[in-house]
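Coordinate analysis (summary)
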Amino acid sequence: TAVVPNAYVCFENFKSQFSLQNKKELHQKLTEVFSFRNDLSQRRATAEELFRLFLIKHPFDVPDEVVHNEQEQLLQIIRSTPDYQVYKSQPKFKEYIRRLAEKQIKEALIADLVAYQETINADQNDVIAYLNLTKRPRTKEFIYFVPPQTKVQGQELPISSSVMELACRREKTLNHIIHQLARR
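Rules and cut-offs
Residues numbered from 1 in each chain as written. Predicted model: local features only at pLDDT ≥ 70, side-chain atom pairs only at ≥ 80, totals over all residues. Heavy atoms only, no water. Helix = DSSP H or I, 4+ residues; strand = E, 2+ residues; numbered from the N terminus. Buried < 20%, exposed > 50% of the residue type's maximum accessible area, 1.4 Å probe, protein only. Contact = heavy atoms within 4.5 Å. Phe/Tyr/Trp six-rings, centres within 6.5 Å; stacked < 30°, edge-to-face > 60°. Lys NZ or Arg CZ within 6 Å of the ring centre and 35° of its normal. Salt bridge = Lys/Arg side-chain N within 4 Å of Asp/Glu carboxyl O. Axes fitted to C-alpha atoms, helices over the stretch in contact; angles between N-to-C directions. Parallel < 35°, antiparallel > 145°, perpendicular 65-115°, else oblique. Nonpolar A, V, L, I, M, F, W, Y, C, P; charged D, E, K, R; others polar. Expected span 1.5 Å × (residues − 1). pLDDT = per-residue confidence, 0-100. Left-handed = near helix turned anticlockwise from the far one by under 90°.

**Here's the deal with the overall build of the chain**
- Secondary structure assignment for the chain yields 8 helices and 4 strands.
- Helices (α) and strands (β) of the chain occur, in sequence order from the N terminus, as α-α-β-β-α-α-α-α-α-β-β-α.
- With 184 residues in all, the chain has 34% of them scored as buried.
- A separation threshold of at least 6 residues defines the contact pool for the chain, and within that pool the share at least 24 residues apart is 73%.

So this is what it looks like as structure tokens:
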């Protein structure tokens, strides 16, 4: 079995995950996460702009039931935060949650479609690299999509390998898209 190092970030996994060839590219990739503007990392801003442009060019609708299920999951996560009452008191709180749920679903669908069309798959090394990013607050900024939940009602639960591979494939697809656009 493979071990995800806890004491340090494995830069070899990191370089592999982001298709980096040398130290200069590694430095530039790390800069994406450590460069903030308006409390938003350059990495997240790049990903959000990419999906925004894609949705402008190729709009589509998502069934209400799917959006409702995603809303419930988001509310469950938000309820566990100390700021829940502050958020809830906002006049358009439910509308914001609905829009966020719809946005997250559409972005995941786009990533899944591109992964299918480009035959992008995730393997055990990708899972290890993904888990390596979840270890520290700053490296978590490299993860765009909401990671799979590991706790249910305060209890840690194992995550199925297929769920982890799906999360990794989405991140790998996003990295692939950004890498392809950066080359042009």
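Here the narrative resumes.
**Here we look at the packing of aromatic side chains**
- According to the stated counting rule, one finds 4 aromatic pairs in the structure shown.
- Their ring planes at 25 degrees and their centres at 5.6 Å tell us that Phe 51 and Tyr 144 sit as a pair that is stacked. Of this pair, Phe 51 sits in helix α3 (residues 42–57) while Tyr 144 sits in the loop between α7 (124–133) and β3 (151–152), and the two are 93 residues apart along the sequence. Tyr 144 shares its class with Phe 51; the two are buried.
- Taken together through their ring pairs, the aromatic side chains of Phe 51, Tyr 144 and Phe 145 make up a single cluster.
- One cation-aromatic arrangement involves Lys 106 over Phe 60; the distance from NZ or CZ to the ring centre is 5.6 Å.

**Quick word on the pattern of salt bridges**
- In this structure the tally under the stated criterion is 9 salt bridges.
- Of the charged contacts, one joins Glu 107 and Lys 103 as a salt bridge, the two residues approaching to 3.3 Å between their closest N and O atoms. Residue Glu 107 and its partner Lys 103 are both found in helix α6 (residues 93–117); the two are separated by 4 residues, about one turn of the helix.
- Take Glu 107: its relative accessible area is 4%, and that puts it in the buried class.
- We note a salt bridge from Lys 172 to Asp 126, for which the minimum N-O separation is 2.9 Å. With Lys 172 in helix α8 (residues 161–183) and Asp 126 in helix α7, this residue pair connects regions lying 46 residues apart in the sequence.

**Some thoughts on the packing of α3 against α6**
- Direction vectors running N to C along α3 and α6 enclose 85 degrees, while the axes themselves pass 11 Å from each other. The angle between the axes of α3 and α6 places the two elements in the roughly perpendicular class. The residues of α6 that touch α3, namely those facing Glu 48, Phe 51, Phe 54 and Leu 55, are Lys 103, Lys 106, Glu 107 and Ile 110.
- Residue composition of the contact of α3 with α6, grouped by class: 4 nonpolar, no polar and 4 charged.

**A few points about α6**
- Here α6 contains 25 residues, and its C-alpha end-to-end distance of 36 Å stays within 8% of the 36 Å for a straight helix at 1.5 Å per residue.
- Downstream of α6 by one or two residues, Thr 119 has phi in the positive range, about 50 degrees.

**Digging into the side chain of Lys 106**
- Along the polypeptide, Lys 106 turns up in helix α6.
- Setting aside residues up to four positions removed in sequence, Lys 106 forms contacts with Leu 55, Phe 60 and Val 62.

**Concerning the confidence of the model for the chain**
- Of all residues in the chain, 86% attain a pLDDT of 70 or more, and the chain-wide mean is 84.
- In the model of the chain, strand β1 (residues 36–37) stands out as the element of lowest mean pLDDT, 66, in contrast to α6, which has the highest, 95.

**A word on the packing of helix α4 (residues 64–79) against α6**
- Contact geometry of α4 with α6 gives a least axis separation of 8 Å together with a crossing angle of 115 degrees. By the angle between their directions, the pair α4 and α6 is classed as roughly perpendicular. The two elements α4 and α6 cross, and the hand of that crossing is right-handed. Contacts from Asp 64, Val 66, Val 67, Glu 70, Gln 71, Leu 74, Leu 75 and Ile 78 of α4 reach α6 at Phe 93, Lys 94, Ile 97, Arg 98, Leu 100, Ala 101, Glu 102, Gln 104 and Ile 105.
- Tallied by class, the residues present in the contact of α4 with α6 amount to 10 nonpolar, 2 polar and 5 charged.

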